[in-house]
Amino acid sequence: MSDTADGDVVRQAIKLYAAQQPGLRPVADDFATMITAMLDDAGINYVSVTGRAKSVGSFAVKAARRIDGEPAYTDPLTEITDQIGVRVVTYLHGDVAAVAELLSGEFSVLDDRDLGQETASEGRFGYASRHLLVTLDGEEDDPAYKHLRGRSASVQVRTILQHAWAEFEHDVRYKGSVPAADVPDLDRRFTLAAGLLELADREFTAIRDRLQASVGEVDPGVADDDPRISGTDLAAFLSAQYQDAGWSRTDHYSWISGLLLELGITSLDELAGLLGSIDAQGINERMDYRYPAGAVRRLDDALLAVFGPRYIGLHGNSHRIESLTARLDKVRATQS
């Protein structure tokens, strides 16, 4: 194909994409909302989830890209797969793996690249992020997201430290203000920073693991007028109760504490007695988690197993009656 024909293909693709791009924005928001709900339901800790439709300018640059003089894309409109993008930022590297496992169970994964692992396999430090191309094509998905079936989204999962490095590196390089003579030193400094951030990520992980392994008795502290178990105390208690589970989001501990209050459970002693009377291992086996479920999710399933329809009917659960009902069938599937 001639350069003129190549140019025509690119221009036509850009024109078509510009026409459809505004309609992709709400689709990207819906993907982000759905993934947020999945993470919350699984009790996986994360910093943020955002969605975006690729800008027309960014699409144009990518569509016109050439490799060894040849067009990178013969059909840009179908071959550029990150038109709808979702970014999940987590705290630690282990959370990245948990998110990826969750998405693999909820979507069909068309592609999965761990760019940090690829960089490391080459003996280098640099850009690190997990990129998954997913599509929603199941028959049992939430009807509210029926319009997303058949669509694909590029989901980027990275730690907050990886995110900071990538955003700063992108900002500096794309401003184009670095003299050519300084580029080698700039590359070296970015490499050094990437190595330091990977070390910091490992240390933060070690800190979390040490805290979870050494958590002891909770200090009741000074009593106040709030009858709920405090989120801080509940977090410490659940770290000891479910030592193989990851931390959940800070606000989720306060949320489930409100559900405990609705059940009349206002002390850790009461909660410990309740959890000591159930078969936690049996619940785990029945739920057959396809991802590392967080501590709050583990407690949520335990309460569902014990209280059943009463738990589903709590005011704080009014927004998820359907999903809890489906989970109840599973959590009680082999109970006599």
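Residues numbered from 1 in each chain as written. Predicted model: local features only at pLDDT ≥ 70, side-chain atom pairs only at ≥ 80, totals over all residues. Heavy atoms only, no water.

**Q** Explain the overall build of the protein chain residue by residue, including any values.
**A** Counting its regular elements, the protein chain contains 14 helices and 7 strands. Classification of the 336 residues of the protein chain by burial places 41% in the buried group. Counted over contacts in the protein chain with a minimum sequence separation of 6, partners at least 24 positions apart contribute 71%. Summed over its atoms, the accessible surface of the protein chain is roughly 18200 Å², and 53% of this surface lies on carbon and sulfur atoms. (Helix = DSSP H or I, 4+ residues; strand = E, 2+ residues; numbered from the N terminus. Buried < 20%, exposed > 50% of the residue type's maximum accessible area, 1.4 Å probe, protein only. Contact = heavy atoms within 4.5 Å. Areas by Shrake-Rupley, 256 points an atom, 1.4 Å probe, with all protein chains shown as cover.)

**Q** Please give an account of the packing of aromatic side chains that cites residues and values.
**A** Summed over the entire model, instances satisfying the criterion amount to 5 aromatic pairs. Here Tyr 17 and Phe 59 contribute two aromatic rings whose centre-to-centre distance is 4.3 Å and whose plane-to-plane angle is 10°, an arrangement assigned as stacked. Residue Tyr 17 is found in helix 1 (residues 3–42), and its partner Phe 59 is found in helix 2 (residues 56–63); the two are separated by 42 residues along the sequence. The exposure class of Tyr 17 is buried, given its relative accessible area of 0%. For Phe 59, a relative accessible area of 0% corresponds to the buried category. Each residue in the set Trp 165, Phe 168 and Phe 190 is aromatic and connected to the rest through ring pairs, giving one cluster. Positioned over the ring face of Tyr 46 is Arg 249, at 4.1 Å from the centre of the ring. (Phe/Tyr/Trp six-rings, centres within 6.5 Å; stacked < 30°, edge-to-face > 60°. Lys NZ or Arg CZ within 6 Å of the ring centre and 35° of its normal.)

**Q** So what about the pattern of salt bridges? Which residues, and what values?
**A** A complete count under the given rule lists 18 salt bridges for this structure. In this structure, Arg 327 engages Asp 41 in a salt bridge whose closest nitrogen and oxygen atoms are separated by 2.9 Å. Here the residue Arg 327 occupies a position in helix 14 (residues 321–331), and Asp 41 occupies one in helix 1, the gap between them amounting to 286 residues. Where Arg 202 meets Glu 198, a salt bridge forms, and the shortest distance between an N and an O atom there is 2.8 Å. With a gap of 4 residues between them, Arg 202 and Glu 198 both fall in helix 7 (residues 183–214), about one helical turn apart. Using a relative accessible area of 54% as the deciding quantity, one classes Arg 202 as exposed. Residue Glu 198 is classed as partly exposed on the basis of its relative accessible area, which comes to 33%. Among the ionic contacts, a cluster of salt bridges with common partners joins Asp 41, Arg 297, Asp 300, Asp 301, Arg 320 and Arg 327. (Salt bridge = Lys/Arg side-chain N within 4 Å of Asp/Glu carboxyl O.)

**Q** Which residues make up the side chain of Asn 284, and what values do they have?
**A** Within the fold, Asn 284 resides in helix 11 (residues 280–287). Separated by 3.1 Å, the side chains of Asn 284 and Arg 298 make a polar contact. Once you skip the residues sitting within four places of it in the chain, Asn 284 turns out to touch Tyr 289 and Arg 298. (Polar contact = N/O pair within 3.5 Å; in protein donor to acceptor, adjacent residues only side chain to side chain.)

**Q** I'd love a proper account of the nonpolar core, names of residues and values included.
**A** General note: in soluble globular proteins, nonpolar side chains tend to be found buried as a group. The biggest cluster of nonpolar side chains holds 74 residues, and the ones touching the most others in it are Leu 234 and Leu 299. Of all the elements, helix 1 adds the most residues to this core, at 13 residues. Contacts of Leu 234, omitting those with residues within four sequence positions, involve Ile 229, Tyr 253, Ile 256, Ser 257, Leu 260, Leu 268, Leu 271 and Leu 299. Core analysis: the next-biggest nonpolar cluster, separate from the first, contains 6 residues, Trp 165, Ala 166, Val 172 and Ala 194 among them. (Core = buried A, V, L, I, M, F, W, Y, C linked by side-chain atoms within 4.5 Å.)

**Q** Tell me what's going on with the packing of helix 9 (residues 250–262) against helix 12 (residues 295–307), and back it up with residues and numbers.
**A** Across the interface, helix 9 lies against helix 12 with an axial gap of 10 Å and an inter-helix angle of 15°. With respect to helix 12, the element helix 9 is oriented roughly parallel. For the element pair helix 9 and helix 12, the recorded crossing hand is left-handed. Counted together, His 252, Tyr 253, Trp 255, Ile 256 and Leu 260 of helix 9 and Ala 295, Val 296, Leu 299, Asp 300 and Leu 303 of helix 12 form the full contact between these two elements. For the contact of helix 9 with helix 12, a count of residues per class yields 8 nonpolar, 1 polar and 1 charged. (Axes fitted to C-alpha atoms, helices over the stretch in contact; angles between N-to-C directions. Parallel < 35°, antiparallel > 145°, perpendicular 65-115°, else oblique. Left-handed = near helix turned anticlockwise from the far one by under 90°. Nonpolar A, V, L, I, M, F, W, Y, C, P; charged D, E, K, R; others polar.)

**Q** Break down a nonpolar patch on the surface for me, citing the residues and quoting the values.
**A** On the surface, Phe 204, Ile 207, Leu 211 and Trp 247 cluster together into a nonpolar patch covering about 380 Å² of accessible area. Tracing the chain through its elements places Leu 211 in helix 7. Taking the relative accessible area as the measure of exposure, Leu 211 reaches 47% and is therefore partly exposed. (Patch = residues over 30% accessible without salt bridge, like charges linked within 9 Å, V, L, I, M, F, W, Y side chains within 5 Å.)

**Q** Please set out the packing of helix 11 against helix 14 residue by residue, giving values where relevant.
**A** Helices that pack against each other are described as a pair by the angle of their axes relative to one another and the distance between those axes. Here helix 11 crosses helix 14 at 115°, and the two axes come no closer than 8 Å. The pairing of helix 11 with helix 14 is recorded here as roughly perpendicular in orientation. Relative to helix 14, the crossing made by helix 11 is right-handed. Here Ile 283, Arg 286 and Met 287 of helix 11 come into contact with helix 14, specifically with Arg 327, Lys 330 and Val 331. Residues of the contact of helix 11 with helix 14, tallied by class, amount to 3 nonpolar, no polar and 3 charged.

**Q** Can you tell me about unusual backbone geometry, naming the residues and giving the values?
**A** You will see that Asp 68, though not glycine, has its phi angle at about 55°, which is positive. For Asp 68, the location among the structural elements is in the loop between strand 2 (66–67) and strand 3 (70–71). Of note in this structure, Asp 288 is not a glycine but carries a positive phi near 50°. Assignment of secondary structure puts Asp 288 in the loop between helix 11 and helix 12.

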